[in-house]
Structure formats: C-alpha cells, structure tokens
Amino acid sequence: MHRAMFLRNIRPVYRLAKCPYSAASIPKPNPQPVVQFNKLFINNQWQDAQSGKTFPTINPSTGEVICHVAEADKTDVDRAVRAARAAFRLGSPWRRMDASDRGLLLTRLADAIERDAGYLAELETLDNGKPYAISYCVDIPNVVKCFRYYAGWADKWEGKTIPIDGDYFCYTRHEPIGVCGQIIPWNFPLLMQAWKLAPALATGNTIVMKVAEQTPLTALYVANLIKEVGFPEGVVNILPGMGPSAGAAIASHMDVDKLAFTGSTEVGHLIQQASGSSNLKKVTLELGGKSPNIILSDANMEEAVEQAHFALFFNQGQCCCAGSRTYVQADIYDEFVERSVERTKNRVTGDPFDLKTEHGPQIDDEQFKKILNYIDIGKKEGAKMLCGGKAASDKGYFIQPTVFGDVQDEMTIAREEIFGPVMQIMKFKTLEEVLERANDTKYGLAAAVFTKDIDKAHYLSSGLRAGTVWINCYDVFGAQAPFGGFKASGNGRELGEYGLDNYTEVKTVTIKVPQKNS
Amino acid sequence: MPVVGVEISQSSDDKDADMTSKLIKDQQNPSGNGHSHPEPGQNPNHRPPHADAPPALPAPIPDLCIQHTKLFINNEWHESVSGRKIPVRNPATGELLCEVEEADAEDIDKAVKSARAAFELGSPWRSMDASDRGRLLNKLADLVERDHLLLATLEALDSGKVFLVAFFVDLVATIKTLRYYAGWADKIHGKTIPIDGDYFTYTRHEPIGVCGQIIPWNFPVMMFSWKIAPALCSGNTVVIKPAEQTPLTALHMAALIKEAGFPPGVVNVVPGYGPTAGSAISHHMDIDKVAFSGSTAVGKLIQRAAGDTNLKRVTLELGGKNPIIVFADCDLEQAVEQAHSGLFFNQGQCCVAGSRLFVEEPIYETFVRRSVEKARSKVLGDPLTPGVDQGPQIDRKQFDKILELVESGQREGATLECGGAPWGQQGLFIQPTVFSNVTDDMRIAKEEIFGPVQQIMCFSSVEEVVTRANATHYGLAAGLFTSDIDKAFIVSAALQAGVVWVNCYNAMSVMCPFGGFKMSGNGRELGEYALQEYTEIKAITIKISKKNS
C-alpha cells in the first residue's frame, strides 16, 4: 500500500575522503542480525500493545517470519498522543530547550546512527530486502546527512520583524505546530523516518509515528537511539501497526495537530478526508508518481541508458519517483531500447546480502502478485515484452527485471503506478508532443530530461508539471533540496528549508508603541 | 581597544552577584532555572540530561606544556623568515611563558600564497560539498570540546582572564560558534529571479577568496572562532593574525584545524605585530577581504590601506563607549548587577563595556552606593585560583593608559567612589574603580578606557538621556533598564547602536548579529548576517527560447 521515494546515485556519497562509506570498506554483513526491539515505543519506554496483539514481519527474500512485533491500535495511539501532548506542554523540558540544543540532540542522533551503521544496514536489508550494499552506502549515509542537515536548522529558523503601517512593532515567531502524526512507507524505512523526524524535531514538535507493518524493525532500533542520546520522554513515539487501524486512528485523532503521510495516492485521499472529518489537522502528503523520463536524440546515449535503467530499477522499482515512462526520441529509439534490454538482462538479481547483488525481492506477496498482474496486462494490451516478465526465484518475492517496448500512452502500464521492476519505453518525435504527453497524468512528482541542448533543457524543465526535474541525471537527492509533488502526487514539500514550513505555525505579534521611527 | 563578547543568556530572575558565579552555579545545578537545560554536547556517555550528581568544577591543568609556537602555514609549522620571535608573558605575574615566531611581510606572503593555492578552482576545498565543509567545522568543534580544559588553561595563562570564565564563557562560545556555522554551510541559498524577458536568472553565493583576519587579545580564542567559522562555512580561505599578546590558543586551534582534516592552506595562522604583519595583510594585493576587530584608530588605518591598494572588502568591529540607561521604574537590584557585570566583565576589557552609565535622578544616590558595594566586593588575584573574579589587565601599555585616565577623571572633578589605584605586589592589576558625578564632557565619559572603571551619570528625562547617549562617535552597544514597555520600545528604537539590550546586558549569542553603528565598525558578525560579509553574489542570466511562469 505504501509508496515512496528515493535517492541520489551512489557515487557522491563517497566524496568526503574521511567518509567511512567507500566501496572497498563495506563491512561483510551478518545476514542474521539479532532483533533487539519489537514493542511499541511510547514516552521513551517499550510497551506491549494494549490488546496484546502482535503481527509477523517477513523476510521478503525467503518469505519466512523474522519475528513478531507489537501491533498498535487506537488505544495505543491514544496513549502515544497523550505522551506527545505532555511533552509539548508549556514549560516542559522540550519546550524550554534552546533551539541549538535541539540541534545538538539531532547531531548526536546522527552520530549514534553512524556508529551503528553496519547493524542498521543489516536489519534494513533483512526486513526490506534491498541489497545490503545499497542499505549501507545509500540509505544509511543519507539518513545521517538528513539528521545533520536539520540539526543545523534548529537555531536558524528565523522569524521576521515587519514594518507595518501605524505606531506598532510587529514580529513573527516560528512556533512548532504541536503533536505531529507521521505515517511512513516500507520502501526506504530508515530514510523516510529521517525525512519525517528531522524537520519536525528541529522545529520543536512532538511526534507520533506509525511505521509500515512490512518494515518496523529499523525504526524501532532508531527509537532506542533517540532515547539513548537524550531526547526527553514523549517527544518521539513510534508505533508499528496497520493502516486501517493505527494509521486511521492517527489521521482522525482530535488531538493530533498535523499529519504527514508518505504512501499511495489512494491512501492520501483517505488521510485528507480524515482531517476534514475530524479537527482540520494540517496535512502534508508525499504520494505516488508516474514520472516521465525524456531522452532527446542529442543526449549522451550511454549515460542516458544507464540513468534511465537506474531511474526505474533502483530499489526493485519501488520508488515513488521511479522513471516509469521513458520517452525516447524516434531517431534513437531502436538503439536505446536495444541497449536498455541488454543492460537490464545484466542486472544482478539475488541474495541481497551478497555484495554483488543489484536487485533484491519485492517487499511482499501482495506487491509481488500485483506487479506480475501488471506485466500480464501489458502483454494483453499489446506492448512488446523484451525481457523478464516472470518470478525470478521459487522462494521469496523476486521478479525478473522487465522491459516493455512499443508502449502506448493509453495502456494500463503507461498510466498506473506499478511500483516494481517493469520499464515502459515510448517513442516521440517533437518537444511539444512529448511535453503534452508527459504532462497527461494525474501525477506530478518527478521528471527528467536528457539532452546536450541548453534551450531544450530549459524549455522542457519549465514546461513539465512536476515537483522535481532532473537534467542529465536521475534520483539525485540531497537533504538540502526540496522534494514533493504537483497535482495528485502530494501536497507540501519535504527536505530543504521548504521542509520546515510544514512543521511551523507562524505567529504574528503586534505591539502598540507610543511613537514609531524608521 | 579591541572587541568583545560574552556568550551568555541572562535570565531575568537571576540575581547572582556576578556573571562568573552565575555560570558556575548553573554548572553545579544543571536542572535549575533559566537557561540551564540539557546540554547533550557536553555528555560523552549519552547520559540523560538531568543527571543527579553535580559535576565538579573544572580546575586548570597544572604546569601546562605549551606545544605550538610557530607560524602555521599550509598545515605546516614554520619559523619566521626574519628569525624574530615574540616574547609571550603571563600578565598575572609578568613571567615569560614562551617565545612565538613573529610573522612579518615575507611570512604573510607565504601564507597568502598558500591560501590562494587552496582557493584555486578544482582544489579539494573548492570542489568539496558544502555539507562536508560543515562536517569539518563540526569536527573542529568536537576537538575543541575534547581540549576544552587545555584551551581554557592556556587562555587564562596568556590573557589573564579568570580561568572559570575562560572555561564557561569563552570556550563554550567558541564551540557553539563553530557548530552554528557548521550548520549554515549547506544552507547559504542563492535565488532564482523572475527577470523581464526570455531569460533565466539565478544567483550563486560564492566565497570571496583569501580573507585576512586580524583579531584582538581580549577574547582570543572566541574572536578566532567568530572570524574563521563564517569564513570557512562559506568556502573562503583564511590568513589570520592573532594579537601579539595572546597567540597561544590560536596556535593550538591551528593544530586542531589540521587534525580535523581541513586541506592545507585553508587556514593559516600568523602571530605578529600590527604595524608589520597586520599592515602587510591590510595592504596585500592578493587578499580579497580583510576583517578586523580592534581599536577605532587602527580601523581607520585598515580602511585606508584597502583604499590605497586593491579595494579589498573591509569589515570592522571597533571600539565603543556604550550607554546603559537605568530608569527609576526598573528592577533596581537586577540593574545594579547587570550594569556592574556590563562594565567589569573581563577586567573591563570589552568593546561592549557599558562605560557610560546614565541613572535616572530619583534613584541615583542609591544606585551609586550599591554599585560601589558591588565593586568593592570583587575578588582580585591569580586568575587560575578558584574564587577570583578579576584578573590583571593585558599589558603594561593598557595598565598605564587606564591609570592615566583615572587620574584625568579626578583632575576633571568626578568623584572617585572607590578604587583608582593598582592592586597587589606584582602583575598588572587595577582596583575596581567607580566614579560618580561624571559629566559628559570629561575624558572618562568620552574615551574608551578598556579597564575596570565605571562612570555613573545622572539624568532626568527620556529626551535628554537619548540625546546624551547618542552624543558619541561610537555606536556599538547600549543597554536600558525599565519595566515600562513603552519606554523600552521608544528608547531602544532611538539609540544609535548595533546592539540594544533591554533589562539585560552582554546577552550575546552566536545566532544574533553583532556590530557597530557609526565609528564602532562596519558590517556585522555572527548570525546569518555575517554570511553576507564572506560571500560574493554572482548573478547568472541565461537566454532561453520561451519563458513561462
């Protein structure tokens, strides 16, 4: 059900010479990391669900149960909200804390995550199925960077003094919103947690977070680190649970001031409705996409093929910004398709703990079946399947990397979000035509253009209806740059300075003065 | 002469005798009132913030061995070209601590060449991610935290400031400054701008280049951090000259800069004298910007040198003769205490020292009496000894100048209420001194004394005191004490000063800009504003075929 996002190609992660994440230094993973935390984290304590219920979390590489985890329901959400509310009361340690000390706590959290990087990467791969090399070199470093980035903002989120008319002195205070509900997906469990926690904590909010039922383990380990580095009780509460129960309870809670959701557009509608039916809590949404990737005939062919491949297949295709409509200009179409198929056939699929593996399993049986069904529909509707198309293993949820050529815009696989390793390649002739076709979707999350021509790059990047446009690159993320969707891909922006707006109430204070002077 | 700063947040309910004991009390009682909340950075074992056992007060390192006495150029230690050395003395005893290599014009040339090379396009420093510049500054903060005790001891020995002040004020402020600007490194945003026509325009905030920085002796390591942190986070390279009186902590910082992993040439530390090394920096044709903290007289020389040479950008933090205005409706005890620490903090050697104290007529007599009691209660002595809250002046020249001004005050008819003479058998100590019945035309009311000498004047109306407070060519800081919200707004808006404190004084922090109106300086340090002083804005405009909103 949940969807997601992604990231920056791996290379830039290696830049700082002192960075521990160099290709040569990936430690040999332990494929069976010990799970230490499987309960609800409320008020800095580990608690069972009130109902006593648990649910199994599954290793998607094998289909086997890793462990059982406490399952939060409405009463547990109530408890967590009470803890978060108490932590937010005026005069509390969290409200009285200097902003720079909030920043220091976030820095310490980043330090602790960095210290435990190997273990967290193992746990992420075990629970999610993504290749360990990616967990270790992409997810964890970006998690650390996100926390460090927002650590720096804590004492720099400045209000203004404003020259209003009349004998008044006017200023704004940027205040935290209050108790924030946050619901995150399974495709980048740790990273999505960081994207949500870091800006909310930098600005002084308290949090009730529901993690995806498929991938609760790393979030719970981070909860322990949150306690370890010294966040006061109740500031962060983390609840594993199901969307229709725990998620719905958060979304319709009368004492949650704000809700941030990352997942499917379908569930995004439900969240927005729940806000309307309850207390009009502020809602920000990061939802699905069907992102166009436009390859012009003057592009560097080799680079474009590699990037388009990465844009779709990264994270087993489980990215909300996956480049799932690849538009290729007619005069290079055949060569592009041929080379893309060749690249895809070479994609190394298998055990995610093997450092050579590029491609792991899908997250669960439901997604696995849904993707195979889309492949069938693609074939039936007349697209040309050029490679892949089947399950890749007799256990776990592996699917062969699949490429369709001759895809038409009205086909189901060109309109709906597949969220799997299935690439659609379409043909176009003119810029005007491709712009119109690229924008003909309810989504508007990301887009990319490959060209050497500066005019074409500007023309397309300003015409595309998408929150992120990459030129001659794809999935380049930084904590510094905002991310979010036009249209039904979402509402609001995460990351960057823009991300702070989503967690801030602006208060205008006006004071009568006897006599104003400039 | 030089500048100052105190990194303290004052809580209004705090009535302690002085700043030092307040800080110490906070340390002993970490879950107490006011500004004492969790300090996760101080907590290597990730202990919960509200630990029960109060930490013991730190003690200075005995028999400290001074490790670094050479010029720091290109991440290496160099002897001076001339072979000359600077004798470095302990102002509490007059004893020689060590000798430090003395930079002159040729050494400055070497340092500038290394800073220029580090700034070349494609260099490790220029091609580094901004977030990694931030990481390096954070790493440097970690190392300063590790060497907190050593640096505080060194600072107290070299500058004569009270050890616990060095520990809890100077070093804590240094660490916070480094961390604060670490966070800015990847948040210095350019803009995209909707210009008319078929164009796309954006700005890049680029580093200026090689920055010369000249810092004073009153807050040596803190001034060092105020200067290098904004310069480095925005990507500049630095040639910094610490004061000849106090080069030691700067040289230790140089060693930490290398240890943190800054590339060679990014920071070069060159102790030397103003007329030689300082002049070479301010006249250098390959230095793009100079930042100076010190006296107004030298500030003029720096500005002129830029005009005579390559029009390098100049920012100046200079002297002050700062008014503190005390209205009769204020909390008297709080005002007396704040006015006292506002003047006597750091032996009076602060550019923000509240050295013109205007007290409203109805409370004048009481205020003077209580200020004198406060001054008399000050404990002078070896700054390394616990319980001491005033150390020696920095050097003989300052010592003589202060006593000469005290003499002028008596000659011109001010009432010497207490102090007025040297203290002790050795070292450069001056008794805490209070003058009452001071009038605006006296030298002690016009000139910056930069010593432990408080001037108290009397006033009777708002209009009068604002006019008198502004009747100076300085405009650095000001304070006012009143419980009337209207008076607070009227007077704070009317005062010509870069910093105005209401019902507090010396409440400085790294997030808040600091700098002077009029002849107290040019530009601002600290806060986001300081970044402007270290960036060149480049507007890039690209012709495009068809613009759309």
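All figures in this text were calculated on a predicted structure; none of them were measured in a lab. (Residues numbered from 1 in each chain as written. Chains lettered and ligands numbered in written order. Predicted model: local features only at pLDDT ≥ 70, side-chain atom pairs only at ≥ 80, totals over all residues. Heavy atoms only, no water.)

**Student:** Describe in detail the overall build of chain A, supporting the description with residues and values.
**Tutor:** Secondary structure assignment for chain A yields 16 helices and 20 strands. Here chain A has a C-alpha radius of gyration of 23 Å; the compact-globule value for 518 residues is 24 Å, and the two agree. Its C-alpha atoms give chain A principal-axis dimensions of roughly 75 × 60 × 50 Å. Put simply, chain A has 518 residues, and 64% of those count as buried. In chain A, once contacts between residues fewer than 6 apart in sequence are set aside, the share between residues at least 24 apart is 76%. Working note: accessible area of chain A is about 18500 Å², and carbon and sulfur atoms make up 50% of it. Here chain A contributes 57 positively and 61 negatively charged side chains, and the mean placements of these two sets differ by 3 Å. (Helix = DSSP H or I, 4+ residues; strand = E, 2+ residues; numbered from the N terminus. Rg over C-alpha atoms; globule rule 2.2 N^0.38 Å. Buried < 20%, exposed > 50% of the residue type's maximum accessible area, 1.4 Å probe, protein only. Contact = heavy atoms within 4.5 Å. Areas by Shrake-Rupley, 256 points an atom, 1.4 Å probe, with all protein chains shown as cover. Lys, Arg positive; Asp, Glu negative; His and termini not counted. Charge placed at Lys NZ, Arg CZ, Asp CG, Glu CD.)

**Student:** Tell me about the pattern of salt bridges, and please be specific about residues and values.
**Tutor:** In total, this model carries 54 salt bridges over all chains according to the counting rule given. The closest approach of N and O atoms between K130 of chain A and D139 of chain A, which form a salt bridge, is 2.7 Å. Where R116 of chain B meets D286 of chain B, a salt bridge forms, and the shortest distance between an N and an O atom there is 3.1 Å. One end of the pair, R116 of chain B, is in helix 2 (residues 105-118); the other, D286 of chain B, is in the loop between helix 9 (274-283) and strand 10 (289-293), and 170 residues separate them in sequence. Given a relative accessible area of 30%, D286 of chain B falls into the partly exposed group. By sharing partners, the salt bridges in this structure join R108, D111, E114 and R148 of chain A together with R135, D142, E145 and R179 of chain B into a single network. (Salt bridge = Lys/Arg side-chain N within 4 Å of Asp/Glu carboxyl O.)

**Student:** Help me get a handle on the interface of chain B and chain A, residues and values and all.
**Tutor:** Each partner contributes to the interface: chain B provides 39 residues, whereas chain A provides 39 residues. Taken over both partners, the interface formed by chain B and chain A buries close to 3500 Å², and the fraction arising from carbon and sulfur atoms is 56%. Counting every contact that joins chain B to chain A gives 2 salt bridges. Of the charged contacts, one joins E145 of chain B and R108 of chain A as a salt bridge, the two residues approaching to 3.6 Å between their closest N and O atoms. (Buried area = accessible area lost by both parts, 1.4 Å probe.)

**Student:** Outline the pairing of strand 10 (residues 258-262) of chain A, supporting the account with residue identities and numerical values.
**Tutor:** Residue and element names in this part refer to chain A. Within strand 10, 5 of the 5 residues are buried, leaving the element largely enclosed by the surrounding structure. Burial along strand 10 is two-sided: the residues K258, A260 and T262 and L259 and F261 are all buried. Judged from the 5 bridges that link them, strand 10 and strand 11 (residues 282-286) form a sheet pairing that is parallel. Looking at strand 11, one finds that K258 is bridged to K282. (Pairing = 2+ DSSP bridges.)

**Student:** Describe helix 10 (residues 301-313) of chain A, and please don't skip the residues or the numbers.
**Tutor:** Residues and elements named next belong to chain A. Under the 1.5 Å per step criterion, the end-to-end length of helix 10 is 18 Å for 13 residues, consistent within 8% with the ideal 18 Å. Counting buried residues in helix 10 gives 10 out of 13 residues, a clear majority hidden from the surface. Those residues of helix 10 lying buried are M301, A304, V305, Q307, A308, H309, F310, A311, L312 and F313. On the buried face of helix 10, the contacting elements are strand 12 (292-295), strand 13 (325-329), helix 11 (330-345), strand 15 (402-405), strand 16 (422-428) and strand 17 (446-450). The distance from a side-chain oxygen at the start of helix 10 to the backbone nitrogen of E302 is 3.1 Å, and the residue carrying that oxygen is N300. (Expected span 1.5 Å × (residues − 1). Polar contact = N/O pair within 3.5 Å; in protein donor to acceptor, adjacent residues only side chain to side chain.)

**Student:** Explain the side chain of E494 of chain A residue by residue, including any values.
**Tutor:** Residue and element names in this part refer to chain A. The topology assignment puts E494 in the loop between strand 19 (490-491) and helix 16 (498-501). Judged by its relative accessible area of 7%, E494 is buried. A distance of 2.7 Å separates polar atoms of two side chains, one belonging to E494 and the other to K196.

**Student:** Please set out the pairing of strand 10 of chain B residue by residue, giving values where relevant.
**Tutor:** Within a regular strand, the side chains alternate between the two sheet faces. Residues and elements named next belong to chain B. Of all 5 residues in strand 10, 5 are buried; the element is thus mostly enclosed. Every second residue of strand 10 is oriented toward a common face, with K289, A291 and S293 on one face and V290 and F292 on the other, all of them buried. Where strand 10 meets strand 11 (residues 313-317), 5 bridges bridge the pair, whose relative direction is parallel. Bridged to V290 within strand 11 is V314. In this region the chain leaves strand 10, passes through helix 10 (residues 296-308) and returns to the parallel neighbour strand 11; the handedness of that crossover is right-handed. (Right-handed = clockwise from strand over helix to strand, strands pointing away.)

**Student:** So, the sheet that holds strand 14 (residues 415-418) of chain B: which residues are in play, and what are the values?
**Tutor:** Residue and element names in this part refer to chain B. Sheet architecture is open: 7 strands sit in the order 14-17-18-13-12-19-20, paired in mixed fashion. Both edges of this open sheet fall to strand 14 and strand 20 (499-502), since each of them pairs with a single strand only. The mean angle between the axes of side-by-side strands here comes to 20°, regardless of whether they run parallel or antiparallel. As defined by bridge partners, strand 19 (residues 477-481) adjoins strand 20 across 4 bridges and the pair is classed as parallel. Its bridge partner lying in strand 20, L480 is registered against V502. Taken strand by strand, helix 11 (residues 332-344) contacts strand 12 (323-326), strand 13 (356-360), strand 17 (433-436), strand 18 (453-459) and strand 19, and its axis lies near 135° from that of strand 18. Sheet strands touched by helix 13 (residues 396-411): strand 14, strand 17 and strand 18. Its angle to strand 17, the strand with the most contacts, is close to 25°. (Axes fitted to C-alpha atoms, helices over the stretch in contact; angles between N-to-C directions.)

**Student:** Explain the sheet that holds strand 6 (residues 199-207) of chain B residue by residue, including any values.
**Tutor:** Strand order across the open sheet formed by 3 strands is 5-6-22 (chain B), with antiparallel pairing between neighbours. Of all strands in the sheet, those bounded by a partner on one side alone are strand 5 (192-193) and strand 22 (535-543) of chain B.

**Student:** Describe the packing of aromatic side chains, naming the residues involved and giving the relevant values.
**Tutor:** The full count for this structure, using the stated rule, is 34 aromatic pairs over all chains. Ring geometry for W153 of chain A and W184 of chain B: centres 5.7 Å apart, planes at 75°, overall edge-to-face. Placement of the pair is W153 of chain A in helix 5 (residues 132-153) and W184 of chain B in helix 6 (residues 163-184), with the two residues belonging to separate chains. When sorted by exposure, W153 of chain A lands in the same class as W184 of chain B, which is buried. When the ring of Y180 of chain B is compared with that of Y181 of chain B, the centres are 4.9 Å apart and the planes differ by 85°; the resulting orientation is edge-to-face. On the accessibility criterion, Y180 of chain B (2% relative accessible area) is buried. Members of the aromatic cluster, each reached through a chain of ring pairs, are Y149, Y150 and W153 of chain A together with Y180, Y181 and W184 of chain B. If you follow R95 of chain A out to its NZ or CZ, it ends over the ring of F88 of chain A, 4.0 Å from the centre. Sitting above the plane of the Y534 of chain B ring, K289 of chain B keeps its charged end 4.4 Å from the centroid. (Phe/Tyr/Trp six-rings, centres within 6.5 Å; stacked < 30°, edge-to-face > 60°. Lys NZ or Arg CZ within 6 Å of the ring centre and 35° of its normal.)

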